[in-house]
Structure formats: structure tokens, C-alpha cells
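# Remarks on the overall topology
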Amino acid sequence: MEPTKGQICPKAAIYCRLSEEDKHKQSASDDSYSIQNQKSMLVQYAASQGWDLYGIYSDDDYAGADRRRPEFNRLLKDAEKHKFDIILCKTQSRFTRELELVEKYIHGLFPIWGIRFISIVDNADTANKGNKKSRQINGLVNEWYLEDLSENIRSVLTDRRKNGFHIGSFALYGYKKDPGHKGRLIIDEEAAAVVREVFALFAQGYGKTAIARMLNDKGIPNPTEYKRLQGLHYRQPKSRQGTLWKYYAISDMLANEMYIGNMVQGKYGSVSYKTKQNRPRPKNEWYIVEGTHEPIIDKCLWNQVQALIAQKAKPFHSGTVGLFAGKARCMYCGYTMRSSQNHGTYYLKCPNRHVAKDACIGAFISVTGLEQAVLGELGRLSDTCLDIGELEQHVLMGGSLPEQKKQMLAELSIYEKKAAAYTKAVHQLYLDKAAGVLSGQDYDSMSKEFAAARSRLEHICAGKKTELAEIEGLIAAGGNRRGQIGQYIHPACLSREMVLHFIEYISVGRRIPGTKTVPIEIHWNF
């Protein structure tokens, strides 16, 4: 009804929302047809009543139970400030499908704020006290609808999870969605190469933080940044945002069964159908289906990595790993020996000697001494058990050596350039200090940090050069199979891979008084 002369025209705010069942867009930036129809209908209704239009609040692609709707919440804030007199909707369910919010706002706060609520299709009008029960019934029916819809969707998704179909919006790093088969994953070779490198490095004994640092040094984008570069609108929680690799990304990757071909879903579950908040679920409630997609990591490497995680082998210092980390045990009490350093020499010692008095006399040995003892025993076993002639007949030299050299040179180049950049940065800091741009305290702090980073990169470069020399030696040896085999059965030094592959554990004692002999018992994996 139009206002009479002298009356102030009420101001109406229109609220529109796209429901899940009538989505239809021409483009991502367009309002849906449903939104357009709602606006047209409500604007015409407000004009026919003689109301002034304050504004239109429109939430597109939001469910009626989503309390985080941006325009919905802006509408409520403006209503509390009484910027308008009427809220006009197509139906009550467009405003909310939750009975709790119907009671809180439509029947509670709106009357207090002096706001009239109207939905024109189902005739809800707070100015009409006689239809309050019908509004409550509408709210109850909408609540039931939400619950039934949630259960139906949940049952469909559960069935697909149980049958091994991938239902996530984004594929796990290392995989991508198969465009030809919905719910199937295929390998993304570019990312899969990084996954393989992470597992290989950890198997060699590098720590998770050290691996993250190595990937960052090589300029490899982390999973979130990689997806963004691929054009995917993938978002991580704020606590995990950024472009660099971090400890938790490596830790999560190493424990994810998806990389051995098993579909693992349902790690998180919604708190209720009224909210999008999720919480972790116990592992016995996860949906795990084996062999649903091609594995990136083979079972042998996977088992090796899981064993290392269980052992919690610790690196000696950042960026490198103890040769015998997690493998050396005290002969007297069985405790895993820990590393220590004195004047540049590394030692292994039993930590229990100082913890439990008189419980253990304390095993102690230098890492170099233990390495020489293992090499000597390994050489003795090779001479006793291996038939060199038979090995010459069966060993085929890997044709991938040139490719390995190419890859090693590329990696070495990356690390050398970064080390050179830090050298240049230190020089620039000195110039800034001399020019008075940088204070002496800031110079000392920053130069130490840069120098430490440069030292770490130079250490990596030295290791890469050693590996490169070994590869070049194998290539230069050509057809000399006996010489090449000899490098493996009588190696000059041990690698972490050799320790992990050949040795189950080593029992170490304490030097026998009056001698230089340290008792050692090697428990081999063969």
C-alpha cells in the first residue's frame, strides 16, 4: 500500500541468494539467472508498495545454512544500525534455512531493531502477528530439508570413497585429475619427480627441514604455489600459506599412502551440516582403498622410509645426516648411540651412561673408526662370498650415467649460483655499512646469516662435486667391468645408502683397557 501524503516512505533492503538447485551462470563474473529474477521481482514489489530502495544485498553460490555469507552478514550489521526499515526476500529460505536463525533474527532481534521482515512468495511478514506460526513451520521444514540434503550428499560421497573414487576439488601434489575418467588420478610427472626426490633424500638420511631447504635452494615451488602456477585456485590454511617448502609439507608427504597407489580419504569430517568446519577423524574411520591409481613411490622405498620415520633417526647437523644415525647401539644397555663433536671429529656415545648411574659403562667410538671397521668386514665378506667372474658376466652397466651426470651438473650449477649470490650480498652489505646506510649491528647480524647460508651451500656443492667425480669415474672406466665392480665390493668409504641397505644395526662397546680395540658386532640385513 502506497504511503499517504506527509508520510515518510519506508526504506527497503533487498536480500537475494542463489540456491544450490538453481545455479546457472553464463560466466564466472555474472550473477545467476536466479539472482537476476529475484532482484527484478523484489524491486518491482518494493516499487508497487511505494517503498524507497535502500540497496540490494546478493550472495551468489552460497548455501542457506552457510553463516559466512558476506552479504548476509553485511545486511545484519546494517539492520542493527537501522539503515533501513524493511528486509525483503523472495522466500524465507533465501534468508536462511536454519530454524535457529529464524528465531534469533526474524522473531527476536529484528523487532527489537525496528526491522520488518517480508518474504513475498510464502507470505511471511513480521507485521502480521497472525502468521508467526507459519513462519516457524517454514523454518522447521527448511531445517528438515537441510538435514535430509546433507545426509543424501554424505551417503553418495561415502559410497564413492568406499569404491576408491577421488572426490576432492584438487588432486594431491604429484597427481592430477584424469580428464577422461571422473574420480581417477593420473601422475603429474613434473611434481612426481619432486616427490621421488623427497623420498630418496629422506632414505639417504637427510632430515625433513634439510630437504625443505634443499628444495627451496633449487627454486622448486611448494605444492600450494605449484597449483597456483598451474592456474588452480587452491588455498591452504593461513598458518600454512607461503611459497616455500617447510617441515610439515615434507612430513605430510612422507607419510601419505596415496603415493603408493592407495586412495586415502575422509581424514577430516564436518562438525555438522550447519557448518563447513572440519575436524580430524581417527585413522580407523578413514576410507582407504588399495591400488586405485599408479604409484609414484615403490613399496620397497616406502617401507624403508616408514622404518626410518619410526626410528626417528636424527641428523648430526643441519643439511647432513649421521652416517650411522639410528643404527649404532650400546652393547651394554641397548640404547641408540648419539653423536657428539670435538675439535672437528665426530664420535658416537651411549647417552645412558650419564642418565642411569652404574647402569652402563658407556659405549664410545669415533665415526671414522666405526666406518673403517664396517668397510673392513664388508670387504672380507665380499672376498669370501662373491664370485667376481660371475658378477662380470651378469652385471650390465647402467646406461643412465650420462643422464645422471647431466642432472648432477644442473644441480651443482644452481647451488653454485646461489652461493655466489650470497657472496655478492655480503659484499653489498659492507658497501652499505661504509656508506652509512646500514648500522654496524645490522651489518654484523645480516652478514653472519648470509655467510652461514653460503657455507651451507658450499658444503652441498662439495658433496655434489664428489658424487660427480664418482659418476665421471664410472663413465671413464668404460668396459672395465672388473674395475667398476671393485668400487662397489671394496668401496673407499661408506655412504648412508649403503649403511641403510646392508646393516640392520651395530652393537658397539667401549675400548678394551690397554688396547686400541673397540668391540663391535655388525648385524647385517642379508
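Residues numbered from 1 in each chain as written. Predicted model: local features only at pLDDT ≥ 70, side-chain atom pairs only at ≥ 80, totals over all residues. Heavy atoms only, no water.

Below, the discussion takes up the overall build of the protein chain. The helix and strand tally for the protein chain stands at 17 helices and 17 strands. Counting every position in the protein chain, which comprises 526 residues, the buried fraction comes to 37%. The long-range fraction of contacts in the protein chain, counting pairs at least 24 apart against all pairs at least 6 apart in sequence, stands at 64%. Only carbon and sulfur atoms are counted for the fraction: they give 52% of the accessible area of the protein chain, which is about 30200 Å². (Helix = DSSP H or I, 4+ residues; strand = E, 2+ residues; numbered from the N terminus. Buried < 20%, exposed > 50% of the residue type's maximum accessible area, 1.4 Å probe, protein only. Contact = heavy atoms within 4.5 Å. Areas by Shrake-Rupley, 256 points an atom, 1.4 Å probe, with all protein chains shown as cover.)

Here we come to the side chain of S119. Position of S119 relative to the elements: it lies in strand β4 (residues 116–119). Among all residues touching S119, those that are not within four sequence positions of it are C89, K90, T91, Q92 and A124.

On to a nonpolar patch on the surface. There is a patch of nonpolar side chains on the surface, built from V43, L53 and I56 and spanning about 210 Å² of accessible area. As for its position among the elements, I56 is in strand β2 (residues 52–59). Overall, the relative accessible area of 32% leaves I56 in the partly exposed class. (Patch = residues over 30% accessible without salt bridge, like charges linked within 9 Å, V, L, I, M, F, W, Y side chains within 5 Å. Salt bridge = Lys/Arg side-chain N within 4 Å of Asp/Glu carboxyl O.)

With that out of the way, let us pick up the confidence of the model for the protein chain. When pLDDT is averaged along the protein chain, the result is 78, and 76% of the positions lie at 70 or above. When pLDDT is averaged over each element of the protein chain, helix α2 (residues 70–80) comes out on top at 94 and helix α13 (residues 388–394) at the bottom at 52. In this model residues 23–31 is a low-confidence stretch, pLDDT under 50, and it forms 13 contacts with partners more than four residues away in sequence or in other chains. Under a pLDDT of 50 for its full length, residues 315–319 has, in the predicted model, 15 contacts with residues more than four places off or in other chains. (pLDDT = per-residue confidence, 0-100.)

A sheet is described by the order of its strands in space; here 3 strands give the open sequence β13-β14-β15, paired in antiparallel fashion. Single-partner strands in this sheet number two, and they are β13 (338–342) and β15 (364–366). Averaged over all pairs of adjacent strands, the angle between their axes in this sheet comes to 30°, without regard to strand direction. As defined by bridge partners, β13 adjoins strand β14 (residues 345–349) across 5 bridges and the pair is classed as antiparallel. What sits directly across from N342, in β14, is T345. (Pairing = 2+ DSSP bridges. Axes fitted to C-alpha atoms, helices over the stretch in contact; angles between N-to-C directions.)

This paragraph deals with the packing of aromatic side chains. Under the criterion given, the structure shown has 19 aromatic pairs. Between the aromatic rings of Y105 and W113, the centroid separation amounts to 6.4 Å while the plane-to-plane angle is 50°, which identifies the pairing as tilted. For W113, a relative accessible area of 18% puts it in the buried group. A connected cluster of aromatic rings, assembled from ring pairs, spans Y15, F72, F95, Y105, F110, W113 and F117. The residue whose ring lies beneath R69 is F72, and the NZ or CZ to ring-centre distance is 4.0 Å. A cation sits over an aromatic face here: R329 above Y505, 4.0 Å from the ring centre. (Phe/Tyr/Trp six-rings, centres within 6.5 Å; stacked < 30°, edge-to-face > 60°. Lys NZ or Arg CZ within 6 Å of the ring centre and 35° of its normal.)

The phi angle at H82 is positive, at roughly 55°, despite the residue not being glycine. Within the secondary structure layout, H82 lies in the loop between α2 and β3 (86–89).

Looking now at the pairing of β3. Judged by which residues are buried, β3 turns out to be covered on both faces: I86 and L88 on one side and I87 and C89 on the other are all buried. In this sheet, β3 lies alongside strand β1 (residues 11–17) in parallel orientation, the contact comprising 3 bridges. Note that in β3 the partner of A13 across the bridge is I87. With 4 bridges connecting them, β3 and β4 associate as parallel partners. From the neighbouring strand, C89 faces β4, where its bridge partner is S119.

Summed over the entire model, instances satisfying the criterion amount to 15 salt bridges. For R67, the salt bridge is made with E98, and the minimal N-O distance between the two is 2.9 Å. Of this pair, R67 sits in the loop between β2 and α2 while E98 is found in the loop between α3 (92–95) and α4 (99–113), placing the two residues 31 residues apart along the sequence. With relative accessibility at 0%, the residue E98 sits in the buried group. Taking the shortest distance from any N to any O, the salt bridge between K283 and E257 comes out at 4.0 Å. Pair noted here: K283 is in the loop between β10 (278–280) and β11 (287–289) and E257 is in the loop between α9 (247–254) and β8 (263–265), with a separation of 26 residues, a long-range link. Overlapping salt bridges, with partners in common, bring together E71, R74, D78 and K83 in one network.

Before going further, it helps to spend a moment on the sheet that holds strand β16 (residues 503–508). Taken in spatial order, the 3 strands line up as β12-β16-β17 in an open sheet, and their pairing is mixed. Where the open sheet ends on each side, the last strands, each with one partner, are β12 (328–330) and β17 (520–524). Mean inter-strand twist for the sheet, computed between neighbouring axes without regard to direction, equals 25°. Summarising the sheet, β12 and β16 pair through 3 bridges and their orientation is parallel. When the sheet's bridge partners are listed, R329 is paired in β16 with S507.

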